[in-house]
Amino acid sequence: MSYQRYRPTDMPPVVKNLIIINVIVFIAQLVLDKHYDVTNKIGLWPYGAEPFKPYQIVTSMFAHSPALIFHIVFNMFVLYSFGRVLEMVWKEKRFLFFYLASGIGAALVHLLVIYLKYGDMSQYGFEFLGDGTVQSSYAAFVNNQDKFEATVKALAPAVGASGAIMGIMAAFAYLFPNTELYIMFIPMPVKAKWAILGYVVIDLFGGFYQIPGDNIAHFAHLGGALTGFLLVLYWNKTNRKTLY
């Protein structure tokens, strides 16, 4: 098994640069959103919505909610904690491919679920104003009244590295299932396989049973976890010498 060694105080280059990029984008959102609407440009809008652009499938995984600093802090902490272990095992190119693939998989699953649930957003006649708000014609409201309120809530850009992070967590749990983790508010260590399974169950519940005020893209998390798990499962079956 090939294993790249780093000092405990070092970060492998891909993890380090991913954290730097995410922090720079977050600062840009905070500073430039008011004048340039950065978050709405790089966040992932539902397919059919006027602001949707294909490049958002990639850019959205480097953006985070400007109103919730915990969002980026948690994601970067997990990337540092688990990502550096995977990068040391896989080395830079494979880890970067895995990270991007998990994030893209998360975005595609999110788009698919929104499309299956609400259809093409263009059917609702939404008009996107310059300040990021949305309005719709009266006819669109009348014709789709049963779906209209829920659709408006769904019509928002998804941002965050959480899909890629869930892929990392799934891969870590697969490769190091019995590693004991200390989780906040739980007074005893929990094995990685059970901790990550717990996160998946929470996202499944949140995805199928909408809780009022919950604005988390649970299916994006699940898409990232599934993509990461399938990738590491495939790699482990085709090249057992490099994984364990």
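Bear in mind that the values here come from a model prediction, so they are computed numbers and not experimental data. (Residues numbered from 1 in each chain as written. Predicted model: local features only at pLDDT ≥ 70, side-chain atom pairs only at ≥ 80, totals over all residues. Heavy atoms only, no water.)

### What to know about the overall build of the chain
- When you go through the chain residue by residue, the secondary structure sums to 10 helices and four strands.
- Helices (α) and strands (β) of the chain occur, in sequence order from the N terminus, as α-α-α-α-α-β-β-α-α-α-β-β-α-α.
- Here the chain, with 244 residues, has 42% of them falling under the buried criterion.
- Long-range pairs, those at least 24 residues apart, make up 69% of the contacts in the chain between residues at least 6 apart in sequence.
- With an accessible surface of roughly 13,800 Å², the chain has 66% of that area assigned to carbon and sulfur atoms. (Helix = DSSP H or I, 4+ residues; strand = E, 2+ residues; numbered from the N terminus. Buried < 20%, exposed > 50% of the residue type's maximum accessible area, 1.4 Å probe, protein only. Contact = heavy atoms within 4.5 Å. Areas by Shrake-Rupley, 256 points an atom, 1.4 Å probe, with all protein chains shown as cover.)

### Description of the nonpolar core
- Core analysis: the biggest nonpolar cluster contains 44 residues, and Leu79, Leu86, Trp90, Phe95, Tyr99, Ile165 and Ile168 have the highest contact counts within it.
- At the level of secondary structure, the elements contributing two or more residues to this core comprise helix 1 (13–36), helix 2 (38–42), helix 4 (69–90), helix 5 (92–118), helix 8 (162–175), helix 9 (192–208) and helix 10 (218–238).
- Tallying contributions element by element places helix 8 first for this core, with 10 residues.
- Not counting the four nearest positions on each side in its chain, Tyr99 is found in contact with Leu18, Asn22, Met61, Leu79, Ala161, Ala164, Ile165 and Ile168. (Core = buried A, V, L, I, M, F, W, Y, C linked by side-chain atoms within 4.5 Å.)

### A word on the packing of aromatic side chains
- Within the structure shown, the criterion is met by 13 aromatic pairs.
- Measuring from centroid to centroid gives 5.3 Å for Phe208 and Phe219, while their planes differ by 85°, and the two rings are edge-to-face. Separated by 11 residues along the polypeptide, Phe208 in helix 9 and Phe219 in helix 10 bring together distant segments of the chain.
- Three or more aromatic residues link up through ring pairs in this structure, and these residues are Trp90, Phe97, Phe98 and Trp235.
- The positively charged end of Arg94 is found above the aromatic ring belonging to Trp235, 4.2 Å away from the centroid. (Phe/Tyr/Trp six-rings, centres within 6.5 Å; stacked < 30°, edge-to-face > 60°. Lys NZ or Arg CZ within 6 Å of the ring centre and 35° of its normal.)

### Side note on the packing of helix 8 against helix 9
- Orientation of helix 8 relative to helix 9, taken along the N-to-C sense of each, is 145°, at an axis distance of 8 Å. The handedness of the crossing between helix 8 and helix 9 comes out as left-handed. Residues Met166, Met169, Ala170, Phe172 and Ala173 of helix 8 form the contact with helix 9, whose own contacting residues are Ala192, Lys193, Ile196, Tyr199, Val200 and Asp203.
- Residue composition of the contact of helix 8 with helix 9, grouped by class: nine nonpolar, no polar and two charged. (Axes fitted to C-alpha atoms, helices over the stretch in contact; angles between N-to-C directions. Left-handed = near helix turned anticlockwise from the far one by under 90°. Nonpolar A, V, L, I, M, F, W, Y, C, P; charged D, E, K, R; others polar.)

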